[in-house]
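Coordinate analysis (summary)
Each chain is listed here by its residues.
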Amino acid sequence: MTHDLELIQVGKTYPDGTVAVSDFDLKVEKGEFVAFLGPSGCGKSTTLRMIAGFEDITNGEILIKGRDVSRIPPEKRPTSMIFQNYALFPHMSVRQNIAFGLDIKGLPKSEKDQKVDRIIDMFDLTEFADRRADRLSGGQRQRIALARGLVVEPEILLLDEPLGALDANLRRIIQNELKLLQRELGITFIFVTHAQSEALGLSDRVVVMSNGLVEQISPPKELYRRPASPFVAQFIGSNTIIEGKPDGTTPEGLVCLSTPLGRIAGHGAPTSDMAIIPAEAFRIDDSAGPGALHFEGTLTGKTLVGSVGHLRVRLADDREIEVETHADTDAARALTPGTPVTLGVDPGAVTLIHS
Ligand code: ADP
């Protein structure tokens, strides 16, 4: 099957020797919404720019709909890019800004006008169509940037931190619009962000990157449930990480680790040496069920927000961990800092990985 986008062992080393991206492999299906997520400097924008053609690749291949576009200039690729600062021409009107991409492609005037009118209508921009781009609000500029990106009917829309310049409220509104728009148009979106909530809330799959390497490619839920590397376990959600040595399997086929906090069973490869337990997997009292792992500790702090209790618990090895209780908030309410507490965890919620 042909994918909309395929990166094969893509790498980028800048002329000054900076290795920005290494061995990036990715297959994206038509209509998927994929986010590149990671801390600043991890190589997200470089990868996006390589897909757009604004940056040469040093190694590998980039295929769009099965065609190798690695050596094709940006304007000949079926992609559009939306930049964080929108890169609008301030003195040009909304209409001229939107038409710009079509001008580059050398479309006949009548066809161009028709396409521009249609997108202006679709984005509800008719009343601003003749206004200069620098006389518009941030949210309006954002929409024009999107309209300009979409008017050329790209196969893939590339978005580089497109909501970064907006305040929190507007960001939420435009996030929703973006998701609806993507569903409606069925266009593949590749979205770069360093904001977790944005990546996890908007995308079908997230590519987590660190130091130029892909750490994990998963649907958002899987990043929480089954982090694949120590970096992801520390970066996403709130996990307790316990190191240990391989120690056989349970009759149910779970893999075990021997750790300073006892034997821990979970899902993972037999060679694993690290257990990851999400904060929300811990139960206080006996609500964890039969077969649960148990950890003894002392409560050091708690905050109850509605039906969620955020507890801090010091374990036997003196580390303090975060525990998030949903089911047993009544039990959490009864606890006072300084009291001993037993935490139960269903081994099914534990992920074992190799460090
Ligand atoms: P991100 O988008 O995740 O913040 P970038 O892709 O912008 O990361 O950068 C990845 C790495 O490449 C960083 O170390 C950055 O300093 C470096 N880098 C980016 N652009 C250039 C450039 N033109 N020349 C040299 N190094 C660069």
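Every chain is numbered on its own, with residues counted from 1 as its sequence reads. Residues qualify for local features only when their pLDDT is at least 70, as the model is predicted, and side-chain atom pairs are given and counted only at 80 or more; totals for whole chains, interfaces and linings, by contrast, use all residues. Here the side-chain values reflect all heavy atoms present in the structure, with hydrogen atoms and water set aside.

1. Comments concerning the overall build of the chain
Scanning the chain from terminus to terminus reveals nine helices and 21 strands. For every residue, the accessible area (1.4 Å probe, protein chains only) is compared with the maximum for its type, and the residue is labelled buried under 20%, exposed over 50%, or partly exposed between those bounds. Considering the chain as a whole, with its 355 residues, one finds that 49% of them fall into the buried category. Contact criterion: two residues are considered in contact whenever any of their non-hydrogen atoms come within 4.5 Å of each other. Counted over contacts in the chain with a minimum sequence separation of 6, partners at least 24 positions apart contribute 64%. Numbered from the N terminus, helices here are DSSP runs of H or I no shorter than four residues, and strands are runs of E no shorter than two.

2. What about the site of the ligand?
Any residue with a non-hydrogen atom lying within 4 Å of a molecule or strand is treated as near it. The immediate surroundings of the ligand are formed by 13 residues, with Gly-41, Gly-43, Lys-44, Ser-45 and Thr-46 found nearest. Polar contacts here mean pairs of N or O atoms no more than 3.5 Å apart (in protein, one a potential hydrogen donor and the other a potential acceptor; neighbouring residues in sequence count only if both atoms are side-chain atoms). A distance of 3.4 Å separates a nitrogen atom of the ligand from a polar side-chain atom of Tyr-14. All accessibility values rest on the Shrake-Rupley procedure with a 1.4 Å probe; residue burial counts only the protein chains present in the view. In the complex, the protein chains occlude 63% of the 570 Å² of accessible area that the ligand would expose alone. If one sorts the elements of the shell around the ligand by residue count, helix α1 (residues 44–52) sits on top with four residues. Looking at side-chain class alone, the shell around the ligand contains four nonpolar, six polar and three charged residues. Residue polarity is assigned by list, with Asp, Glu, Lys and Arg as charged and Ala, Val, Leu, Ile, Met, Phe, Trp, Tyr, Cys and Pro as nonpolar; anything else, Gly included, falls into the polar class.

3. With respect to unusual backbone geometry
Trans peptide bonds make up the majority, and among non-glycine residues the majority have a negative phi. Although it is not a glycine, Glu-161 sits at a positive phi angle of roughly 45°. Residue position: Glu-161 is located in the loop between β7 (156–160) and α5 (168–185). Taking relative accessible area as the criterion, Glu-161 reaches 11% and is therefore assigned buried. You will see that Asp-318, though not glycine, has its phi angle at about 80°, which is positive. By secondary structure assignment, the location of Asp-318 is in the loop between β18 (308–315) and β19 (320–325).

4. Considering α5
Here α5 contains 18 residues, and its C-alpha end-to-end distance of 26 Å stays within 8% of the 26 Å for a straight helix at 1.5 Å per residue. Among the residues of α5, those classed as buried are Ile-174, Gln-175, Leu-178, Lys-179, Leu-181 and Gln-182. The buried residues of α5 occupy an angular sector of 165° when projected down its axis, which confines them to one face. Of the residues in α5, the exposed ones pointing more than 90 degrees away from the buried face are Asn-169, Asn-176, Leu-180, Arg-183 and Glu-184. In this fold, the buried residues of α5 make contact with β3 (33–37), α3 (109–122), α4 (138–151), β7, β8 (188–193) and α6 (196–202). Positive backbone phi, approximately 65°, marks Gly-186, located one or two places after α5. A helix is expected to span 1.5 Å multiplied by its residue count minus one. The arc in question is formed by the directions pointing from the helix axis toward the C-beta atoms.

5. Some details on the pairing of β18
Every other side chain in a regular strand lies on the same face of the sheet, so the side chains alternate between the two faces. When DSSP finds two or more bridges between a pair of strands, those strands are recorded as paired. Two elements, strand β17 (residues 293–305) and β18, share eight bridges in a ladder whose sense is antiparallel. Across the sheet, residue Leu-304 finds its bridge partner in β18, namely Gly-309. Between β17 and β18, which pair antiparallel one after the other, the connecting turn spans two residues, and Gly-306 there sits at a positive phi close to 60°. The antiparallel hairpin formed by β18 and β19 contains four residues in its connecting segment, where Asp-318 sits at a positive phi of about 80°.

6. Focus on the packing of aromatic side chains
Any two of the Phe, Tyr and Trp rings considered here, Trp counted by its six-membered ring, make a pair once their centres fall within 6.5 Å; the pair's planes then place it as stacked at under 30 degrees, edge-to-face at over 60, or tilted in between. Under the criterion given, the structure shown has seven aromatic pairs. For the ring pair Phe-24 and Phe-36, a centre distance of 5.5 Å and an interplane angle of 45° mean the geometry is tilted. A residue pair is termed long-range when its members are at least 10 positions apart, and Phe-24 in strand β2 (residues 19–28) and Phe-36 in strand β3 qualify at 12 residues. Given a relative accessible area of 0%, Phe-24 falls into the buried group.

7. Things to note about the side chain of Thr-193
Along the polypeptide, Thr-193 turns up in strand β8. Thr-193 has contacts with Phe-36, Leu-37, Gly-38, Lys-44, Glu-161, Glu-198 and Ala-199, leaving out every residue within four places of it along the chain.

8. Considering the domain arrangement of the chain
A domain assignment, automatic or from a database, supplies the domain bounds used here. Per the domain assignment, the segments of the chain are domain 1 (5–230) and domain 2 (238–353). Taken over C-alpha atoms, the centre of domain 1 sits 39 Å from the centre of domain 2. With seven residues of domain 1 at the contact, the number on the domain 2 side is 10 residues. Regarding the contact of domain 1 and domain 2, the summed buried area is about 600 Å², with carbon and sulfur atoms giving 55% of it. The quantity reported as buried area is the accessible area (1.4 Å probe) lost by two parts once they are put together, taken as the sum for both. Broken down residue by residue, the surface that domain 1 buries against domain 2 is led by Arg-226, Pro-227 and Pro-230, which jointly contribute 71%. By salt bridge we mean one thing: a side-chain nitrogen of Lys or Arg within 4 Å of a carboxyl oxygen of Asp or Glu. Summed over the shared surface of domain 1 and domain 2, the number is zero salt bridges. Linking domain 1 to domain 2 there are four residue pairs in polar contact (both at pLDDT 80 or more). Of the residues that constitute the side of domain 1 that touches domain 2, the class distribution is four nonpolar, one polar and two charged.

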